[in-house]
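Residues per chain, in single letters:
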Amino acid sequence: MKQPITEIAKPLVAWYKLHERTFPWRENPSPYRVWVSEIMLQQTRIEAALPYFHRFMEALPTIKDLANADEDLLLKLWEGLGYYSRVRNLQKAAKRVMEEFGGELPDDYEKLLTLNGIGEYTAGAIASIAFGKRVAAVDGNVLRVMARLLDDDTDVMDTKHRKQLTKLVNELVPEGYAGEFNQGIMELGETICLPNAMPRCLECPLKDYCAVAGLERARELPVRSAPKQRRVEQRMVFTIITDEKTPRVLLHRREKNGLLGGMWELPNALLPANSVLEDWGIPVISTKPLSTAKHIFSHVEWQLQGTLVKAKSFTPKDGFQLVLATEWEQYALPTAFKTYSKNIPMLLNGEEIQ
Ligand code: SF4
C-alpha cells in the first residue's frame, strides 16, 4: 500500500540531511553565494563550476564588488563558462540591488523575479535556500521525480502542466525546511532518481510513496515531447569598426539566393571562426566579446556570439562595404542582428558600448 505523496517532506528532508554533498555554496549559503552558484550552474556541471565559483568569490566577495566590477574582470572570471549574458545579467541585477534594495538581495520571491537573469526556478532556489521561504524551486530534476512519484505521463514540456506541477510542489514544501526540501528533491534527482538509467529505487527514501518504484515504467517517465527539429547553427557575428577620425562599420551583402537573400548583414561565420578576419583582409587592432543572442527561423536556429573588432582603415573585399554614420540609416539589417546592430550608431559616433 503506497503512502500519500503529501507526506514525502519528512523522509526527504531526513535523507537529504544524511546524504547532502558538500559544496561551497552549501557550507555558507549567503544569499549572494546561493545566487551566483545558481546562475553558474544553469548551463554548467557542478564539477566544472567549482573552480569558477571559488575564483569569482575571491575576486568579488560582495554584491557591491560585483556591481562595481570592470567588465574585463567579469568576462575574465567567466571565461570558459560561456553564455556571457549570464554574468552580464548578474552585474545588472547587482547594480539594481545596490540602487533599489540597499545592497541586500530581497528575500521576497516576487521581488527576486524582477531582477535580471532571475527566473522562477532561481527565485525559488534563492528564496528557499538563503532565506528559508516556503516556495518551490522546480528544475528538470524535480519534474522527473514528480512525474515518477505520480506515474504521470503528461508532457512536462507543456507549460500548463509545468505550472500545475509547480503548484503541487509548492504545497509539499514544508514550513521551516524549504531549502532542505528543495535541495533534497534536486539531489535525489541527480543521484538516485537518475534520468537516463534505471533509477536506484532500492536506495530511494521515497520508494514507499512512489507509483513506479522498482518498475521498468520509471524509465519511460517523464514524457517530454521532442522539440520541433531545427538545424542549429552557432555563428560568430562581427561588428567591425574602423579606427579612423570618422569611423566606419563593415557590412556584407548576402548571396542572392537562400536565407535572407541579398540583404546586408553584419559579417558572420559558422563557429569555429578562427581565420575569417584574416580571410576577409581585416587589419585587426583589437577584439572584444559581445553578448550572445538567438534568432529562430522556421527551419534553422542561429545561436550567435558577438565580437567587436577595432580595425585599421582598409579596402573591403568584394561583397563587403564600409559604411559611415551618415549612411547607416540606408541599410536595413535583418532583425536577426538586432542585438548587435542597435549599438552601431553609438560606435560610429565614437562612443564605447557595454
Ligand atoms: S522510487 Fe525510484 S522512481 Fe520513484 S522517486 Fe524513488 S528513485 Fe525515483
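Because the structure is predicted, anything quoted here is derived from the model rather than measured. (Residues numbered from 1 in each chain as written. Predicted model: local features only at pLDDT ≥ 70, side-chain atom pairs only at ≥ 80, totals over all residues. Heavy atoms only, no water.)

Draft legend 1. Molecular detail of the overall build of the chain. Within the chain, the secondary structure is distributed over 16 helices and 7 strands. Seen along its three principal axes, the alpha-carbon backbone of the chain occupies a region of about 80 × 45 × 30 Å. Classification of the 354 residues of the chain by burial places 47% in the buried group. Taking contacts inside the chain between residues at least 6 apart in sequence as the whole, the part at least 24 apart equals 68%. Of the roughly 18,400 Å² of accessible surface on the chain, a fraction of 49% belongs to carbon and sulfur atoms. Charged side chains of the chain number 45 positive and 46 negative; the gap between the two group centres comes to 3 Å. (Helix = DSSP H or I, 4+ residues; strand = E, 2+ residues; numbered from the N terminus. Buried < 20%, exposed > 50% of the residue type's maximum accessible area, 1.4 Å probe, protein only. Contact = heavy atoms within 4.5 Å. Areas by Shrake-Rupley, 256 points an atom, 1.4 Å probe, with all protein chains shown as cover. Lys, Arg positive; Asp, Glu negative; His and termini not counted. Charge placed at Lys NZ, Arg CZ, Asp CG, Glu CD.)

Draft legend 2. Quick peek at unusual backbone geometry. Cis rather than trans, the peptide bond between Leu221 and Pro222 has omega equal to 0°. Its location among the elements puts Pro222 in the loop between α12 (178-191) and β1 (231-242). Note the cis peptide between Leu271 and Pro272, where omega equals -5°. Inspection of the secondary structure puts Pro272 in the loop between β4 (268-270) and α13 (276-279). One non-glycine residue, Asp151, lies in the positive phi region at around 50°. Looking at where Asp151 falls in the secondary structure, it is placed in the loop between α10 (140-150) and α11 (159-172).

Draft legend 3. Summary view of the pattern of salt bridges. In total, this model carries 15 salt bridges according to the counting rule given. Arg200 is the partner of Glu203 in a salt bridge, and the nearest nitrogen-oxygen pair spans 2.8 Å. Look at Glu203 and you get partly exposed, because its relative accessible area is 44%. What makes Arg200 partly exposed here is its relative accessible area of 37%. Notably, a salt bridge pairs Glu233 with Arg231, separated by 2.8 Å at the nearest N-O pair. The class of Glu233 is buried, set by a relative accessible area of 14%. For Arg231, a relative accessible area of 46% translates into the label partly exposed. Through salt bridges that share partners, Arg21, Arg26, Glu187 and Glu190 make up one connected network. (Salt bridge = Lys/Arg side-chain N within 4 Å of Asp/Glu carboxyl O.)

Draft legend 4. Structural context of the domain arrangement of the chain. Domain boundaries in the chain define domain 1 (5-220) and domain 2 (231-348). Counting residues at the interface gives 5 residues for domain 1 and 6 residues for domain 2. For the pairing of domain 1 and domain 2, the buried interface totals around 410 Å² over both sides, and the portion due to carbon and sulfur atoms is 54%. On the surface where domain 1 and domain 2 come into contact, there are 0 salt bridges. Where domain 1 packs against domain 2, one counts 1 residue pair in polar contact (both at pLDDT 80 or more). Across the side of domain 1 that touches domain 2, the residue classes break down as 2 nonpolar, 1 polar and 2 charged. (Domains from an automatic or database assignment. Buried area = accessible area lost by both parts, 1.4 Å probe. Polar contact = N/O pair within 3.5 Å; in protein donor to acceptor, adjacent residues only side chain to side chain. Nonpolar A, V, L, I, M, F, W, Y, C, P; charged D, E, K, R; others polar.)

Draft legend 5. Focus on the nonpolar core. If you look at the biggest cluster of nonpolar residues, it comprises 73 residues, and the most contacted ones within it are Tyr32, Trp35, Phe56, Leu66, Met146 and Phe181. Excluding its chain neighbours within four sequence positions, the residues that come into contact with Met146 are Ile5, Leu165, Leu168, Val169, Leu172 and Ile185. Counting residues in each nonpolar core, the second largest holds 25 residues, with Val249, Leu290, Phe297 and Val323 among its members. (Core = buried A, V, L, I, M, F, W, Y, C linked by side-chain atoms within 4.5 Å.)

Draft legend 6. Structural context of the packing of helix α3 (residues 31-40) against helix α7 (residues 85-100). At their nearest, the axes of α3 and α7 sit 10 Å apart, and the two run at 155° to each other. Considered as vectors, α3 and α7 are oriented roughly antiparallel to each other. As α3 runs across α7, the sense of the crossing is right-handed. Of the residues in α7, those in contact with Trp35, Val36, Ile39 and Met40 of α3 are Arg86, Leu90, Ala93 and Ala94. Residue classes in the contact of α3 with α7 are distributed as 7 nonpolar, no polar and 1 charged. (Axes fitted to C-alpha atoms, helices over the stretch in contact; angles between N-to-C directions. Parallel < 35°, antiparallel > 145°, perpendicular 65-115°, else oblique. Left-handed = near helix turned anticlockwise from the far one by under 90°.)

Draft legend 7. Highlighting the site of the ligand. Taken together, Arg148, Ile192, Cys193, Pro199, Cys201, Cys204, Lys207, Cys210 and Ala213 make up the full set of residues near the ligand. For the shell around the ligand, a count of residues per class yields 7 nonpolar, no polar and 2 charged. (Near = heavy atom within 4 Å.)

Draft legend 8. Focus on the packing of aromatic side chains. For the structure on display, the rule yields 8 aromatic pairs. Each member of the aromatic cluster is reached from another via a ring pair, and the members are Phe23, Trp25 and Phe53. (Phe/Tyr/Trp six-rings, centres within 6.5 Å; stacked < 30°, edge-to-face > 60°.)

Draft legend 9. A look at the pairing of β1. Most of β1 is tucked away, with 9 of its 12 residues classed as buried. Note: β1 against strand β6 (residues 300-311), 12 bridges, orientation parallel. Bridge pairing in β6 links Gln234 to Gln303. Relative to β4, β1 runs antiparallel, the two being bridged by 3 bridges. Residue Arg235 lies in a different strand from β4, and its bridge partner there is Leu270. (Pairing = 2+ DSSP bridges.)

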